[in-house]
Amino acid sequence: FFMRWQESSMQCASPSPSRPVKLAHARCKTSPSPIDRTKKVASSNGIAQNRCWAPSVRAALRQMKLRLELFAWLRELGVVEESDAAELGKRHALLKPEVSSLFANGVLVYDLLDALGGVGDGRHPVDNNSAHAKLANWNALAPRCEAAGAAIALDAKSLIVAGDEDACADVLNRLFASTLAVSSYGHTPSGVRNSSNSSVLAPGLSAHELLAAAASEQLGLAGTYAADLVGAAPPAALTALLARGNTSGGNGGDGSASAVRFFKFAFAHGARIGALACTPGGSDVPSEVAGARGDDFEAAGACVAHVCSVLAGGLLATDAEVVAWAARALFRVGTEAGVRGHYAAMWRWWAGEVSGATPAGCGALVAAFRRHPDVHAAGGLMPLAALFAGGHLAELVSGPLARLLPSPREYAAFCCELLDALSTPLDAANPSVGADGNVDDDGTGVTPARAVSGMLRRLLVFSRTKLHATMAPAAERVAAAELLGRLWLSFPRELPAVLLPAAPSEHSSGGAKGTYVDGGGGGDGGAAFVVDMEVPTPRGALAASVEDAAAAADLSRNPGGSPGGQLEGGQQLMMKDGASLTLSELRRACRDPSGPVQLAAHVALFELLDSFVASEHPAAPLIFKSLAFSLIEQHADPTLRAPLSCFLEHSLARAPQIPIGVLLKPYIKQASLFGYSNVDFDFLLTVSKHPQLGARHALLLLQFCARVALNDALHGRLATLPLLVLVERFAHDAAVADSVVALCHSALGVLMPAGALGASSPVKAGDNAGAGGIRHALAIELVAKVLHLGQPHLVAALRPVVERAAALYAAAEGQQNAGL
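Definitions and limits used
- For every chain, the first residue of its written sequence is number 1, and the numbers climb from 1 along that sequence.
- Local features are withheld for residues below a pLDDT of 70 in this predicted model, meaning they are given only at 70 or higher, and side-chain atom pairs are given and counted only at 80 or more; totals for whole chains, interfaces and linings count all residues.
- Each side-chain value is worked out from all heavy atoms of the structure, with water and hydrogens disregarded.
- Per the convention used, a helix needs a DSSP run of H or I reaching at least four residues, while a strand needs a run of E reaching at least two, with both numbered from the N terminus.
- Put simply, buried Ala, Val, Leu, Ile, Met, Phe, Trp, Tyr and Cys residues joined by side-chain atoms within 4.5 Å make one nonpolar core.
- Buried residues are those whose accessible area, probed at 1.4 Å on protein chains only, stays under 20% of the maximum for their type, while exposed residues exceed 50% and partly exposed ones sit between those limits.
- Only heavy atoms matter for contacts: two residues are in contact if any of them lie within 4.5 Å across the pair.
- Centre distance within 6.5 Å is the pairing criterion for rings of Phe, Tyr and Trp, where only the six-membered ring of Trp is used; planes under 30 degrees apart are then read as stacked, over 60 as edge-to-face, and the remainder as tilted.
- Put simply, a charge is over a ring when the Lys NZ or the Arg CZ is close to the ring centre, within 6 Å, and near the line of the ring normal, within 35 degrees.
- Orientation is described by axes fitted as lines to C-alpha atoms, over the contacting stretch for helices, and by angles from 0 to 180 degrees between their N-to-C directions.
- If an angle is under 35 degrees, it is roughly parallel; if it is over 145, roughly antiparallel; if it lies from 65 to 115, roughly perpendicular; otherwise it is oblique.
- For two strands to pair, DSSP has to find at least two bridges joining them.

Novice: I tried to follow the environment of serine 206 on my own but got confused; where do I start?
Specialist: Note that serine 206 resides in the loop between helix 8 (165-179) and helix 9 (207-219). Placed 67 residues apart in sequence, serine 206 and isoleucine 273 show a C-alpha to C-alpha distance of 8.3 Å.

Novice: Quick question: what am I supposed to make of the nonpolar core here?
Specialist: Most often, soluble globular proteins have nonpolar side chains that are buried together. Ranked by size, the top nonpolar core spans 217 residues in total, and within it Phe103, Leu315, Trp350, Leu401, Trp488 and Leu723 carry the most contacts. Once residues lying within four places of it in the same chain are set aside, the contact partners of tryptophan 488 are Leu495, Val535, Ala579, Thr582, Leu583, Leu608, Phe612, His617, Ala619 and Ile623.

Novice: It is not clear to me how the packing of aromatic side chains should be interpreted in this structure. Could you clarify?
Specialist: Working definition: an aromatic ring pair is given by the centre-to-centre distance plus the angle between the planes. A full pass over the atoms with the stated rule returns 14 aromatic pairs. Ring geometry for phenylalanine 606 against phenylalanine 647: centres 5.5 Å apart, planes inclined by 65 degrees, an arrangement best described as edge-to-face. A residue pair is termed long-range when its members are at least 10 positions apart, and phenylalanine 606 in helix 28 (residues 595-615) and phenylalanine 647 in helix 30 (residues 638-654) qualify at 41 residues. On the accessibility criterion, phenylalanine 606 (6% relative accessible area) is buried. According to the relative accessible area criterion, phenylalanine 647 is partly exposed, its value standing at 29%. Ring-pair connections join several aromatic residues into one group, and the members of that group are Trp349, Trp350 and Phe388. The ring of tryptophan 325 is capped by arginine 328, whose NZ or CZ atom sits 4.5 Å from the centre of that ring.

Novice: So what exactly am I meant to see when it comes to the packing of helix 5 (residues 107-116) against helix 8 here?
Specialist: Two measures define how a pair of helices packs: the angle their axes make with one another and the distance between the axes. Following both chains from N to C, one finds helix 5 and helix 8 inclined at 5 degrees, their axes separated by 12 Å at the closest point. With respect to helix 8, the element helix 5 is oriented roughly parallel. Listed contacts from helix 8 to Val109, Leu112, Leu113 and Leu116 of helix 5 are Leu172, Leu175 and Thr179.

Novice: Would you explain unusual backbone geometry in this entry?
Specialist: The phi torsion of most residues other than glycine is negative, and most of the peptide bonds are trans. Even without glycine at this site, glutamate 616 takes up a positive phi of about 55 degrees. With respect to the helices and strands, glutamate 616 occurs in the loop between helix 28 and helix 29 (620-633).

Novice: What is the right way to look at the pairing of strand 3 (residues 92-95) in this model?
Specialist: Pairing geometry for strand 1 (residues 65-67) and strand 3, over three bridges, is antiparallel. Note that in strand 3 the partner of arginine 67 across the bridge is histidine 92. The pairing of strand 2 (residues 85-88) with strand 3 spans three bridges and is antiparallel. Opposite leucine 88, over in strand 3, you have alanine 93 as the bridge partner. Count of turn residues in the strand 2/strand 3 antiparallel hairpin: three residues.

Here it is in structure tokens:
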């Protein structure tokens with residue numbers, strides 16, 4: 001949710017006398033403005049006065065909208081002129097793109113502070129719209145703006161640097177409000193109240209008063225009406241207003257744009273809103289959340305829930321930009337509240353357990369997920385679940401999500417996307433997480449390893465149940481297979497610690513390892529279990545405990561209940577870890593009667609292979625072995641063999657360390673028995689280039705390609721490609737060189753007439769125009785291509801072979817062979 005700093009596409013056209021642009025900061029010294037422009041003229045006369053904006057650049061720049069009274073104030077100070085406005089309405093002034101750009105990079109903001117007398121000896125900002133220049137300008141302007149009564153938060157500065165014109169206009173509004181009744185910089189006349197107290201950022205406001213003031217200013221609502229909307233419990237009217245986006249009045253008569261500005265303000269000042277929400281109070285705080293009952297901490301939690309429900313209304317909007325900014329603002333406020341220890345209250349609101357604080361976060365997130373896939377694709381939704389669920393992930397997937405997503409297919413698809421957001425290392429995102437992922441049980445809500453294990457266990461049970469339901473729709477079983485692969489892909493360290501009771505049919509073969517774990521009861525007969533491990537654990541993997549085994553046993557007895565049951569003393573259970581279970585289930589799905597389920601299982605295994613090979617996971621060889629034998633088993637099925645060959649081809653191209661030799665012999669045997677197609681030779685070409693291919697396996701592949709190149713008119717030339725790659729790679733090997741010479745000798749024997757000396761196979765006379773002619777062409781082409789590789793020792797060895805074949809052919813036919 002941090003704004004990416006993008007360099008503006010604004011470029012200056014070559015100086016031209018046509019269509020000059022008048023800019024306030026570059027006017028001559030005789031300007032009627034009271035500002036002393038000596039140093040600005042010296043620095044900008046040669047740049048801005050003669051600048052011409054190209055039409056395409058002008059169209060790319062964004063225009064800033066200012067309130068009419070703010071524009072009049074800036075014009076009175078000499079910062080802008082009336083001609084700098086592209087459009088003057090009854091309530092707003094729309095600045096020209098080039099003038100908006102000068103406000104965005106801080107040049108005209110410097111002029112404004114200079115007019116107010118608050119610049120001091122600071123350097124003049126650089127007139128450059130690159131991200132680095134804008135950041136340097138605003139870093140220099142921030143303390144001076146704060147001294148003038150307009151403090152700039154870090155989030156607001158990020159928005160300005162990223163090119164958000166609303167954030168820059170907000171700074172100008174607050175400068176205007178803080179200096180409206182000030183006669184000179186920093187001095188307020190006696191008897192005059194500083195107007196900054198009426199600003200939305202005035203000190204002493206509660207979170208609800210701040211949101212109400214922002215709603216009044218950004219949405220164009222009357223002050224009392226905005227306070228009633230924000231203070232309602234639940235804020236249903238405000239939610240409906242934001243969802244429709246058709247606000248009216250004042251500053252907000254432009255539809256969803258006003259709602260976007262409201263949430264931009266909430267994001268830019270989210271840290272303060274979150275801090276105020278954790279300190280309930282103020283006259284406008286609703287009585288339901290004012291903390292009349294309970295201690296201050298519980299009251300603050302109720303206030304946090306209500307503030308979150310106010311912002312969550314934007315997730316129900318029909319406009320995607322409103323949803324994106326509402327999610328950013330909610331995440332920013334939630335982060336601040338979480339830092340202050342209110343994760344428990346955040347979770348209760350997220351799960352819908354707080355009365356009067358609706359919409360609940362999980363329901364609003366699911367609605368936005370369904371309605372705005374583009375916002376989710378940009379990564380704008382799922383981090384909310386990771387933040388607000390905290391250490392309640394198991395309850396999240398078994399409670400709110402199960403209720404809101406009754407369709408198994410939709411539930412599995414949502415959980416797949418959720419796992420991607422949760423797989424981000426939490427110790428980097430939150431300093432209170434230890435290196436092992438565990439935290440003290442102090443209610444901080446940071447996702448501990450046990451919370452992740454509980455979520456993974458429940459999703460494993462769900463996926464296995466749906467995958468085994470052969471009568472279920474294929475789409476649901478496909479989603480279950482995808483979820484299985486995503487579980488292991490997102491949590492390779494945590495999944496080995498997830499245990500489930502293993503059925504006798506699920507026990508691994510002799511290659512598996514059984515690990516006995518004592519419950520720690522010593523001589524008192526403590527609980528124990530045996531883990532049947534087929535997949536080796538990676539470095540840093542979490543270890544399973546007796547509590548995990550008890551939770552697995554309890555969940556297997558009561559899938560709908562909550563884990564945490566106790567094993568009886570002395571009881572010994574056969575358990576299987578989550579990684580081994582996932583691999584066995586995906587292997588079984590690869591042989592499923594349903595074609596879509598087979599393809600989904602193979603895709604999941606290929607994704608795991610690519611990820612585990614890159615991270616050197618010890619399970620990568622097992623996954624490659626499973627895929628290799630599955631490819632061999634499915635060789636007779638052309639509809640599945642084609643995608644599997646392509647997938648494996650791409651995996652081999654990205655993973656040079658895979659031992660390809662173990663696959664080659666059975667693959668060639670299956671191709672010889674059941675036939676081959678174009679995709680097989682694409683795959684064999686990738687194999688021939690693979691770094692792990694040895695000379696012994698290369699010789700096997702070369703012989704297969706040679707048979708096809710000499711005898712198959714349809715695929716002969718395709719088979720020549722991997723053959724030539726092998727000859728060039730392994731020409732230095734004596735066995736390969738001898739095999740190439742023998743191959744060429746056999747190929748030239750095809751040219752001999754039947755019964756002639758040196759003929760390799762009988763060919764009927766007069767058949768040159770038919771199959772024999774095609775074989776002659778293939779043989780000559782193959783030998784010619786081998787010679788043209790330019791390997792000196794091969795050329796020297798093949799010269800007498802070719803010359804002898806030419807002489808024998810001339811003796812038998814009475815004429816020379818043109819090809820020879």
